Amino acid sequence: MNGRIVHIASNTFREAVRDRVLYNLIAFALLMSGAAILIGQISINIERLVVINLGLTAVSLFGIVIAIFIGIGLVSKEIEKRTLYTVLSRPVRRWEFIVGKFFGLACTLVVNTVFMAIGVFGALLYVSHHFQTADGWVLVALYFIILQFLIITSLALLFSSFSSPLLAAVFAFSLFVIGTFAEDLRGFAALTQGFTRWLATGAAYIVPNFSALNVISSVAHQQPVAGQLIFYNTCYALIYTAMALCGAVLIFEHRNLK
Amino acid sequence: MAAIEILGLEKTYNVGFWRKKPKCALRPLHLAVEEGEIFGFLGPNGAGKTTTLKLLMGLVYPTGGSARILGMEINDPRMKAQIGFLPEQPYFYDYLTARELLEYYGQLSGVAAKERSRKVEAVLARVGLPDVGGVQLRKFSKGMLQRVGIAQAILHDPRLVFFDEPMSGLDPMGRREVRDLMEQLKLEGKTVFFSTHILSDAEALCDRVAIIHLGELRGVGRVADLTASVHGKVELVWEGTAVPAALRALGGECHVTGDTVRAVLPEASQDAAIDALRREHLRLVSVIPVRTSLEDYFVQKLQPAGAVAGARS
Ligand SMILES: Nc1ncnc2c1ncn2[C@@H]1O[C@H](COP(=O)(O)OP(=O)(O)OP(=O)(O)O)[C@@H](O)[C@H]1O
Ligand SMILES: [Mg+2]
């Protein structure tokens, strides 16, 4: 990767850390420990199921919120505050700026997820006193959650490159919600006829397929994840992210700064 | 080779939310700036100075025309490594300290790692901020930010610097320091292109100036040449309180102060006025040319367009 992208990414990471983005970890730690204590007292043999379900859902939601709220400001805030002027008058190409910003936030999210994952495993250990081999699949579920973050970050960047930050947040969050039901949507599309069918199928395939990336409940039930799905999801997320980033770059390249 | 060559650069903004109206910020501009000179880009508020600089930096795209900087295209990274830019009212990442910001910009400009911290310290001292390198930029005053802006523009030893109103927000000491700095840059063989509406700064510093108004170039050349074309005035002072009728007829205001009279007349009627005084046997105390400054030239250049703009609106 080229040096300028690395520098821009690490500066973005530094900004997130200094803006106390990782403070959410405290909220997360409180949530996990509270939940663990509560579950440890009441449940009969379903502690693991509840902890994994609750923990991973929380990891996903915390991350999505951060991805959207930082993602929409990554570039638009720099345009608004005119901090971009002194960056783009240096030997930095516009696409390098976008890509650097993206990787900076992606790193922030990965670090954040690692800490939250430690919290989840801690809670798991607290309620069941030992790890099982099936717990390894939790790591796969976490990996899929990170893939979701990449997609959402790139979408937030894309939307904020042509609309106001507020609208971009609304778009990105709606796509997250719709994407969670992507497979149902594809099912519905198959039931319609004629032109509507084209339209519905198109729409169903354009929204990011978050249902395939969500294996939380099957992992909680200690079911393994197929290697094929891991491969397919990885390719899907990378291609989807790359395309959204390309879109953001194309729009940004032609944009007049304020 | 010219350091900056502007070939018909032109910018029209579309303003208005619903029905877009074109707003011409810069009419086709032709200008060449030679290497090694200090070039002043003058104009009143809203003339199009910042627009021109933003076009040259590739921050906004021109409606027409093109430009070459150091012989290269505007978006060429090799050229950008050799220029520095101070935007107007600069603003920086306020979560960084001044030192961290300059380190970061040094990285982006490709300053080698081993010289970077030395250069950062040197440039902080050069702009008069040697003690606040470790302070977060959100705690900086306006003038301090302006100094950081100048620091980041010269950090990587560029061959050509663009300053958009470098003196704005600075105290009198700061203005002097920035002037000295620009002169030093020139001595080092650098080219300086700066915009301003403070004419005395331009007059004191610039090898050449260009004047733009309403997006249109109104004049370009050496300060001495430009002001030579403006008709000058002379000030005559003589003893007594009498004002000869012949002199009064030449036009010009006379002020009687104590036992001397002071009159300011067009340069052309200087001889006639002196003759008139001699005839009346009045004792001449002094004849002083009133220096025609850049300001007169500037005001003169703006007038016709002012009338046009008035008629239009
Ligand atoms: N983004 C924009 N959209 C619409 N019009 C603009 C925009 N930017 C500048 N203008 C217009 O272009 C003209 C030139 O503006 P510019 O900022 O270049 O002036 P300036 O010479 O830098 O003035 P000042 O001395 O006040 O800084 C102004 O009439 C301004 O209204
Ligand atoms: Mg300006």
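Residues numbered from 1 in each chain as written. Chains lettered and ligands numbered in written order. Predicted model: local features only at pLDDT ≥ 70, side-chain atom pairs only at ≥ 80, totals over all residues. Heavy atoms only, no water.

## A few points about the domain arrangement of chain B
Assigned domains within chain B: domain 1 (2-226) and domain 2 (230-291). The straight-line distance from the C-alpha centre of domain 1 of chain B to that of domain 2 of chain B is 46 Å. (Domains from an automatic or database assignment.)

## Remarks on the pairing of strand β4 (residues 64-69) of chain B
All names here are of chain B. Pairing analysis gives 5 bridges linking strand β1 (residues 2-15) to β4, with the strands arranged antiparallel. Bridge pairing links I4 to I69 in β4. Pairing between β4 and strand β5 (residues 72-73): 2 bridges, direction antiparallel. Looking at β5, one finds that R68 is bridged to E73. Where β4 folds back onto β5 in an antiparallel hairpin, the turn is made up of 2 residues, including L70, whose phi is positive at roughly 50°. (Pairing = 2+ DSSP bridges. Helix = DSSP H or I, 4+ residues; strand = E, 2+ residues; numbered from the N terminus.)

## Here we look at the packing of aromatic side chains
Inspection of the entire model under this criterion finds 18 aromatic pairs over all chains. Aromatic side chains Y93 of chain B and Y95 of chain B sit 5.8 Å apart centroid to centroid with 55° between the ring planes, which places their arrangement in the tilted category. Comparing Y93 of chain B with Y95 of chain B shows no difference in burial state: the two are buried. Members of the aromatic cluster, joined through ring pairs, are F92, Y93, Y95, Y104 and Y105 of chain B. The cationic tip of R94 of chain A hangs over the ring face of F252 of chain A; the distance from NZ or CZ to the ring centre is 5.4 Å. Here K11 of chain B stacks its cationic end above the ring of Y13 of chain B, 5.2 Å away from the centre of that ring. (Phe/Tyr/Trp six-rings, centres within 6.5 Å; stacked < 30°, edge-to-face > 60°. Buried < 20%, exposed > 50% of the residue type's maximum accessible area, 1.4 Å probe, protein only. Lys NZ or Arg CZ within 6 Å of the ring centre and 35° of its normal.)

## Quick word on the interface of chain A and chain B
Contacts between the two partners involve 28 residues from chain A, matched on the other side by 32 residues from chain B. Note on chain A versus chain B: buried area summed over both sides is about 2,800 Å², and carbon and sulfur give 52% of it. A per-residue breakdown of the area chain A buries against chain B is headed by S89, R90 and P91 of chain A, which together make up 22% of the total. At the surface where chain A touches chain B, the tally comes to 1 salt bridge. Ionic pairing is found between E100 of chain B and R18 of chain A, a salt bridge with its closest N-O pair at 2.8 Å. Taken together, the connections running from chain A to chain B amount to 19 residue pairs in polar contact (both at pLDDT 80 or more). Broken down by secondary-structure element, the contributors of at least two residues to the side of chain A that touches chain B are α1 (3-18) and α5 (85-88) of chain A. Ranked by the residues each element gives to the side of chain A that touches chain B, the list is headed by α1 of chain A, at 7 residues. (Contact = heavy atoms within 4.5 Å. Buried area = accessible area lost by both parts, 1.4 Å probe. Salt bridge = Lys/Arg side-chain N within 4 Å of Asp/Glu carboxyl O. Polar contact = N/O pair within 3.5 Å; in protein donor to acceptor, adjacent residues only side chain to side chain.)

## Section: the coordination of the magnesium ion (ligand 2)
Residues and elements named next belong to chain B. For the magnesium ion (ligand 2), every protein donor is listed as T50 (OG1) and E88 (OE), and the spread of their distances is 1.9 to 2.5 Å. Residue T50 is found in helix α1 (residues 49-56), and its partner E88 is found in the loop between β6 (83-86) and α3 (98-108); the two are separated by 38 residues along the sequence. We classify T50 as buried; its relative accessible area is 18%. Among the residues examined, E88 registers a relative accessible area of 27% and is labelled partly exposed. (Donors = N, O, S within 2.8 Å, 3.2 Å for Na, K, Ca; no water.)

## Section: the sheet that holds strand β10 (residues 216-222) of chain B
All names here are of chain B. Strand order in this open sheet of 6 strands is β6-β7-β8-β3-β9-β10, and the pairing throughout is mixed. Each having just a single partner strand, β6 and β10 make up the two edges of the open sheet. Here the strands of the sheet are splayed against their neighbours by 15° on average, with no regard to which way each runs. Strand direction decides the pairing type here: β6 and strand β7 (residues 160-164), joined by 4 bridges, are parallel. Looking at the pairing, I83 lines up with L160 of β7. In the packing of α1 onto the sheet, contacts are made with β3 (38-42), β6, β7, β8 (191-196) and β9 (208-213), and the angle to β7 comes to roughly 145°. (Axes fitted to C-alpha atoms, helices over the stretch in contact; angles between N-to-C directions.)

## Digging into the site of ligand 1
All names here are of chain B. Not every one of the 15 residues close to ligand 1 is listed here, only the nearest: G46, G48, K49, T50 and T51. Here an oxygen atom of ligand 1 sits 3.0 Å away from a polar atom, N or O, in the side chain of N45. Within the backbone of G48, an N or O atom sits 2.9 Å from an oxygen atom of ligand 1. Contact with the protein chains removes 70% of the 630 Å² of surface that ligand 1 exposes when unbound. Of all elements in the fold, only β1, β2 (21-34) and α1 reach the threshold of two or more residues within the shell around ligand 1. A per-element tally of the shell around ligand 1 places α1 first, with 3 residues. A class-by-class count of the residues in the shell around ligand 1 yields 5 nonpolar, 6 polar and 4 charged. (Near = heavy atom within 4 Å. Areas by Shrake-Rupley, 256 points an atom, 1.4 Å probe, with all protein chains shown as cover. Nonpolar A, V, L, I, M, F, W, Y, C, P; charged D, E, K, R; others polar.)

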